[in-house]
Amino acid sequence: MSTYLQGLMDAVTAKNPHEPEFLQAAGEVLASLEPVAAKRQDLVDAGVFDRIVEPERAVIFRVSWVDDSGKVQVNRGFRVQFNSAIGPYKGGLRLHPSVTLSVVKFLGFEQIFKNSLTGLPMGGGKGGSDFDPKGKSDGEIMRFCQSFMTELQRHIGQFTDVPAGDIGVGGREIGYLFGQYKRLRNEFTGVLTGKGLSFGGSLARTEATGYGLCYFMREMLAAVGKSFKGQHVVISGSGNVAIYAHQKATQLGGKVVAMSDSAGYIYDPRGVDLDVIQQLKEVERVRISEYVNRVRGAEYHEGSAGIWSIPCQIALPCATQNELDLESAKTLVKNGLIALAEGANMPTQPDAVEYLQQSGILFGPGKASNAGGVAVSGLEMCQNSLRRSWSFEEVDGYLDEIMRDIYASSAAAAAEYGAPGNLVAGANIAGFLKVADAMLAQGIAY
Ligand code: NDP
Ligand code: 2IT
């Protein structure tokens, strides 16, 4: 890195000593912005790099609720409003015991560039809580969501900040959050995305992240004359992103042979049966280990990271950050991997990313390859403003077009800034430039 950007990274590290995930995300972005800093002294002079690594606002709040046994529970809630240069803050809410300020800041920071890449007017933000939804009753989930929104509502709004789902937050949770917002504010507005279809949700939002990921992978493969056809695909996770990645990868001709959850993975050489996965995960909400009791010939193994030992040509990590380490990357390459695209946010550890790129593997970074979810969230906001709903085919068509554009703009930025083929650099640069120019135009007090 240049002296200037290294000095900035040192300052960010000193200022945020207990935030490893945020420092990992910021370090990767700043490293790839070096050629931009060299070419754009105006951005350096206006302190754009220094400002973009500092959230505009971060809110931390108590969320108290009563469990089914009558006991009072206390969780911590977060909303980090990172950057509003190109639109209202936009990004998901995560409910998982691992949620900390560092995790929310890393996700909010990534969201700035991802949202910019979609071409839609959305700033970057993220939120969540260390609440663990596992094993909670429907009533407990509802009371938690209502308490969480009772505080969050004063910080968000359709023109201010529009949250959505992420790990642990799907249609059920968005419904409870929306109901509480409406009750408290006495207004029916598109303050959240991922809403139910009967109250302002968009068709294809549920499918959007997984579908978009496969559209992006299709573009990566097409650039080297390849496709999904006949390829074995390994998808980690079995949540929203993983399920619809499976559906589209299969439609495009791939064969998904393994999926996982946080406890372990299944290997099904005949192809993972998506109907069974959806029944287990979307309906019964049970462990993936149950799959082997329903499908003959499938195997279950404890330990989620073991999934990367299954041979495949295409890998789609769709679970969580840092789930794929250097050893796993080496195993994948040894077993014939040709391409990997991130459905999750930052699932591949930095040394694994470097190894894959140096080994000639096509690599799609999450902020580009998983942008389909927030892109359709942007389209949901658009439909809410119009008070109209588009058909599934219309939304899916826009999604496909947006993913093609993200691939093209990332590839073009990589080539223009001296890193042809490097989509990590390309996505960071293309996403950054639009936000940076908006910050420059809007003056320093931003
Ligand atoms: P879900 O909650 O629907 O599913 C998460 C999946 O990942 C589950 O299978 C879960 O297993 C697994 N998982 C979660 N945490 C861990 C962990 N610490 N170790 C191993 N496995 C884990 O979430 P989503 O599918 O929505 O999100 C998955 C990833 O995609 C996240 O990184 C998210 O930020 C990202 N993403 C999501 C978008 C969306 O629209 N939903 C958009 C763009 C990115 P278990 O059930 O056992 O916990
Ligand atoms: O990481 C992400 O892009 C999301 N969880 C989706 C955010 C959104 O606002 O739809």
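Cut-off values and rules
- Residues numbered from 1 in each chain as written.
- Chains lettered and ligands numbered in written order.
- Predicted model: local features only at pLDDT ≥ 70, side-chain atom pairs only at ≥ 80, totals over all residues.
- Heavy atoms only, no water.
- Near = heavy atom within 4 Å.
- Polar contact = N/O pair within 3.5 Å; in protein donor to acceptor, adjacent residues only side chain to side chain.
- Areas by Shrake-Rupley, 256 points an atom, 1.4 Å probe, with all protein chains shown as cover.
- Helix = DSSP H or I, 4+ residues; strand = E, 2+ residues; numbered from the N terminus.
- Nonpolar A, V, L, I, M, F, W, Y, C, P; charged D, E, K, R; others polar.
- Contact = heavy atoms within 4.5 Å.
- Pairing = 2+ DSSP bridges.
- Axes fitted to C-alpha atoms, helices over the stretch in contact; angles between N-to-C directions.
- Salt bridge = Lys/Arg side-chain N within 4 Å of Asp/Glu carboxyl O.
- Buried < 20%, exposed > 50% of the residue type's maximum accessible area, 1.4 Å probe, protein only.
- Expected span 1.5 Å × (residues − 1).
- Patch = residues over 30% accessible without salt bridge, like charges linked within 9 Å, V, L, I, M, F, W, Y side chains within 5 Å.
- Arc of directions from axis to C-beta.

A. Inspection of the site of ligand 1 at higher detail. Neighbouring ligand 1 are 25 residues, the closest being Lys 134, Asp 166, Thr 209, Ser 262 and Asn 345. For ligand 1, an oxygen atom lies 3.0 Å from a polar atom in the side chain of Arg 205. Within the backbone of Ala 319, a nitrogen or oxygen atom sits 3.4 Å from an oxygen atom of ligand 1. For ligand 1, the protein covers 85% of the area, taking 890 Å² as the surface of the free molecule. Breaking the shell around ligand 1 down by element, the ones donating at least two residues are helix H9 (205-222) and helix H10 (240-251). For the shell around ligand 1, the class distribution of residues is 5 nonpolar, 13 polar and 7 charged.

B. Seen up close, the environment of Tyr 176. Residue position: Tyr 176 is located in helix H8 (residues 171-185). For the pair Tyr 176 and Val 435, spaced 259 residues apart in the sequence, the C-alpha separation amounts to 33 Å. If we skip the residues at most four places from it in the chain, Tyr 176 touches Asp 138, Ile 141, Met 142 and Cys 145. Of the polar contacts made by the side chain of Tyr 176, one reaches the side chain of Asp 138; its length is 2.7 Å.

C. Spotlight on the sheet that holds strand E4 (residues 123-129). Spatially, the 5 strands line up as an open sheet ordered E1-E2-E4-E3-E5, and their pairing is mixed. At either margin of the open sheet sits one strand with a lone partner, and together these are strand E1 (57-66) and strand E5 (161-164). Averaged over all pairs of adjacent strands, the angle between their axes in this sheet comes to 20°, without regard to strand direction. Pairing geometry for strand E2 (residues 72-83) and E4, over 6 bridges, is antiparallel. Residue pairing for E4: Asn 83 is matched across the bridge by Gly 124.

D. Focus on the site of ligand 2. Near ligand 2 you find 14 residues, and of these Lys 90, Gln 111, Lys 114, Asp 166 and Ser 377 are the closest. Contacts to ligand 2 include Gln 111, whose side-chain N or O atom sits 2.9 Å from an oxygen atom. When ligand 2 is considered free in solution it has 290 Å² of accessible area, and contact with the protein chains removes 94% of it. Only strand E3 (89-95), helix H6 (101-117) and helix H16 (372-386) provide two or more residues apiece to the shell around ligand 2. Of the residues assigned to the shell around ligand 2, the class counts are 2 nonpolar, 7 polar and 5 charged.

E. Local environment of the sheet that holds strand E8 (residues 264-267). Across the sheet, which stays open at both edges, the 7 strands sit in the order E9-E8-E7-E6-E10-E11-E12 with mixed pairing between neighbours. The open sheet has two edge strands, strand E9 (299-302) and strand E12 (362-364), and neither has a second partner. Averaged over all pairs of adjacent strands, the angle between their axes in this sheet comes to 15°, without regard to strand direction. As judged from the 4 bridges shared by E8 and E9, these two strands associate in the antiparallel manner. Following the sheet pairing, Tyr 267 is matched in E9 by Glu 299. Along the sheet, H9 contacts strand E10 (314-317), strand E11 (339-341) and E12; its crossing angle with E11, the most-contacted strand, is approximately 150°. Packed onto the sheet, H10 meets strand E6 (232-236), strand E7 (255-260) and E10 and runs at close to 170° relative to E7.

F. Region of interest: the pattern of salt bridges. Enumeration over the complete set of coordinates arrives at 22 salt bridges. Among the salt bridges present, the one from Asp 166 reaches Lys 126, with a minimum N-O distance of 3.0 Å. Highlighted residues: Asp 166 in the loop between E5 and H8 and Lys 126 in strand E4, separated in sequence by 40 residues. The exposure class of Lys 126 is buried, given its relative accessible area of 2%. In this structure, Arg 294 and Glu 290 form a salt bridge, with 3.4 Å as the shortest nitrogen-oxygen distance. Overall, the relative accessible area of 39% leaves Arg 294 in the partly exposed class. Residue classification places Glu 290 among the partly exposed positions, given a relative accessible area of 25%. Among the charged side chains, a network of salt bridges with common partners joins Arg 218, Glu 219, Asp 400 and Arg 404.

G. Highlighting helix H2 (residues 20-32). Between its terminal C-alpha atoms H2 stretches 19 Å, which fits the 18 Å expected from 13 residues at 1.5 Å a residue. Along H2, 10 of the 13 residues are buried, which leaves the element largely enclosed by surrounding structure. Burial in H2 covers these residues: Glu 21, Phe 22, Leu 23, Gln 24, Ala 25, Ala 26, Gly 27, Val 29, Leu 30 and Ser 32.

H. The arrangement of a nonpolar patch on the surface in detail. Together, Val 66, Val 72 and Val 74 line one region of the surface with nonpolar side chains, adding up to about 260 Å² of accessible area. Within the element layout of this structure, Val 72 appears in strand E2. Accessibility expressed as a relative area gives 54% for Val 72, which makes it exposed.

I. Structural view of helix H1 (residues 3-15). The terminal C-alpha atoms of H1 lie 18 Å apart, and with 13 residues this matches the ideal 18 Å at 1.5 Å per residue to within 8%. When we look at burial in H1, the residues that qualify are Leu 5, Leu 8, Met 9 and Val 12. In a view along the axis of H1, the buried residues occupy a sector of 100°, so they form one face of it. Projecting away from the buried face of H1 at angles above 90 degrees are the exposed residues Thr 3 and Ala 14. Packed against the buried residues of H1 are H2, helix H3 (34-39) and helix H5 (48-52).

Honestly, it's all geometry; don't read function into it.
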